[in-house]
Amino acid sequence: MTSRTEPKGESKEKSEIREGQSVELLKALHILTRDGTMNSDSRRKLKQVYHLVSFIEPILKELLKREQPVNIVDVGAGKSYLGFILYDLFLKDATNVKIWAIETRHDLVEKSEKLASQFKFDRMKFINEKISDSNSKSELPKKLDLVLALHACDTATDDAIDFGLSSRAEHIVLVPCCQAEMAEKLKALPSTHAIRELWAHPHHRREFGSHLTNVLRGLKLESSGYKVRVTELVGWEHSMKNELIVASELDNKSYVTEARKRWKSMSEQIPVNTRTSFTTKD
Ligand SMILES: C[S@@+](CC[C@H](N)C(=O)[O-])C[C@H]1O[C@@H](n2cnc3c(N)ncnc32)[C@H](O)[C@@H]1O
C-alpha cells in the first residue's frame with residue numbers, strides 16, 4: 001500500500017537524486033525524462049550506480065587527496081552512466097584525475113563523447129576497443145589507480161580482472177553480470193560425486209556456476225596480491241547480478257602464497273577449466 005507521505009511524481013525523483021547531482025546531466029543520460037520523472041528501469045539503474053558510488057566513495061576520497069595524476073577506468077562502460085555520475089559528483093574540480101571508459105560499441109562511445117563535450121567533462125576519455133585489447137593503447141597510462149566493471153557481461157568481468165592486474169591497478173571493483181561459461185563446463189563434468197547434486201538442475205547450475213566463478217575470481221585476486229571484500233551491492237531483484245567484489249592491492253608475500261594454495265585446491269575440487277580456474281601456468 002502506498003503511504004500518504006510517500007513523495008509522488010517529480011518530487012519523488014528529487015528525493016532519489018543525490019545532493020550535488022546535475023539534473024540536466026541525468027536528463028541528458030535519459031535517466032530522467034524531460035519533465036524530470038523516472039521509469040522503473042532508470043530508477044533501478046540509478047540506484048545501482050549510487051550504491052556502487054557509495055561503496056567506492058572512501059577509495060575515491062583517498063585518491064582525490066593525491067597531487068599526482070590519478071587514473072580511473074570503467075570497463076564495459078555501456079552508456080557510461082557510472083563515469084558521468086562519478087565525474088559530476090566528485091571529479092569536476094579534481095584536475096589531476098582522469099576517468100576512462102572502455103566500450104566495444106561504437107555508437108555508445110560516440111554518444112558519450114558528445115555528452116562529455118557538451119558538459120565540458122574534459123577529463124573523461126573514451127576508448128572504443130575490447131577490454132582485452134585496451135592495454136596496448138598508448139593513450140592509456142601504464143599504472144592505473146582504480147578499475148571499475150559494472151555488469152560487464154559473462155567473461156568480460158574476467159577481462160576486467162586481467163586488465164586491472166596487468167596494469168597493477170591499486171583497486172579493482174567489480175559487479176559481475178550473468179555468467180554462462182562455468183555452467184556449461186559443470187554440465188560436461190563427468191562426476192559421480194555427491195557434490196554434483198549442487199548443479200544437477202539447469203537453474204542451480206547457473207546459480208552455482210555464477211557463485212563458483214565469483215569465488216574463484218576472489219581467489220585469483222587474492223593470489224595476485226589483493227585484499228578482497230565481497231558483499232551485496234543492493235537488495236534488489238536480480239540476485240545473480242548483485243555481488244560486489246572490491247579488491248585492493250596489498251603488499252604481503254605470505255598472503256599471496258597462502259591464497260594461491262587455496263585457489264589451486266579449490267580448482268582441483270571441481271576440475272573445470274574456465275577463465276577463473278587455477279592452471280599450471282598460473
Ligand atoms: C550490461 S552492459 C553494462 C554497461 C554499464 N557498465 C552499466 O552498468 O550501465 C555491458 C557493456 O559491456 C560492453 N562489453 C561487453 N564485452 C566487452 C568487452 N570485451 N570489451 C569492452 N566492452 C564490452 C557491452 O557492449 C555493454 O555495453
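Small disclaimer: the values here were computed from a predicted structure and weren't measured.

**Here's the deal with the domain arrangement of the chain**
And step 1. One can read the domain layout of the chain as domain 1 (42-177) and domain 2 (179-226 + 242-282).
And step 2. Centre-to-centre, using C-alpha coordinates, domain 1 lies 26 Å away from domain 2.
And step 3. For the side of domain 1 that touches domain 2, the secondary-structure elements that each account for two or more residues are α7 (156-166) and β5 (171-175).
And step 4. Top element by residues in the side of domain 1 that touches domain 2 is β5. It accounts for 5 residues.
And step 5. For the side of domain 1 that touches domain 2, a count of residues per class yields 8 nonpolar, 2 polar and 3 charged.

**Re the environment of Cys 153**
And step 1. Of note, Cys 153 is situated in the loop between β4 (146-150) and α7.
And step 2. Along the backbone, Cys 153 and Phe 126 are 27 residues apart, and their C-alpha atoms lie at a distance of 19 Å.
And step 3. Among residues more than four places away in sequence, those in contact with Cys 153 are Gly 76, Cys 177 and Cys 178.

**Considerations on the packing of helix α9 (residues 202-223) against helix α10 (residues 253-269)**
And step 1. Between α9 and α10, the shortest axis-to-axis distance is 8 Å and the interhelical angle comes to 150°. The angle between α9 and α10 falls in the class roughly antiparallel. Considering only the axes of α9 and α10, their crossing is left-handed. Between α9, through Val 215, Leu 216, Leu 219, Lys 220, Glu 222 and Ser 223, and α10, the contact on the second element is made entirely by Val 256, Ala 259, Arg 260, Arg 262, Trp 263, Met 266 and Ser 267.
And step 2. For the contact of α9 with α10, the class distribution of residues is 7 nonpolar, 2 polar and 4 charged.

**As for the sheet that holds β4**
And step 1. Taken together, the 7 strands give an open sheet; going across it, the order is β3-β2-β1-β4-β5-β7-β6, and neighbouring strands pair in mixed fashion. Two strands lie at the open edges of the sheet, namely β3 (124-128) and β6 (226-232), each paired on one side alone. For this sheet, the mean angle separating the axes of adjacent strands, direction not counted, is 15°.
And step 2. Looking at chain direction, strand β1 (residues 70-75) and β4 are connected through 3 bridges and run parallel. Within β4, the residue paired with Asp 74 across the bridge is Leu 148.
And step 3. Relative to the sheet, α7 contacts β1, β4 and β5, its axis offset from that of β4 by approximately 180°.

**Details of the nonpolar core**
And step 1. Counting 58 residues, the largest nonpolar core has Val 75, Val 147, Leu 148, Ala 160 and Ile 172 as its most contacted members.
And step 2. It is helix α4 (residues 81-91) that contributes the most residues to this core, 8 residues altogether.
And step 3. Here this core spans two domains, since at least three of its residues come from each of domain 1 (42-177) and domain 2 (179-226 + 242-282).
And step 4. If we ignore the near neighbours within four places in the chain, the residues touching Ala 160 are Val 75, Gly 76, Ile 131, Val 147, Ala 149, Ala 152 and Leu 174.
And step 5. Counting residues in hydrophobic clusters, the runner-up holds 10 residues, among them Leu 186, Leu 216, Ala 259 and Trp 263.

Conventions used here
- Residues numbered from 1 in each chain as written.
- Predicted model: local features only at pLDDT ≥ 70, side-chain atom pairs only at ≥ 80, totals over all residues.
- Domains from an automatic or database assignment.
- Helix = DSSP H or I, 4+ residues; strand = E, 2+ residues; numbered from the N terminus.
- Nonpolar A, V, L, I, M, F, W, Y, C, P; charged D, E, K, R; others polar.
- Contact = placed C-beta atoms within 7 Å.
- Axes fitted to C-alpha atoms, helices over the stretch in contact; angles between N-to-C directions.
- Parallel < 35°, antiparallel > 145°, perpendicular 65-115°, else oblique.
- Left-handed = near helix turned anticlockwise from the far one by under 90°.
- Pairing = 2+ DSSP bridges.
- Core = buried A, V, L, I, M, F, W, Y, C linked by C-beta atoms within 7 Å.
- Buried ≥ 20, exposed ≤ 12 C-beta atoms within 10 Å, placed from the backbone.

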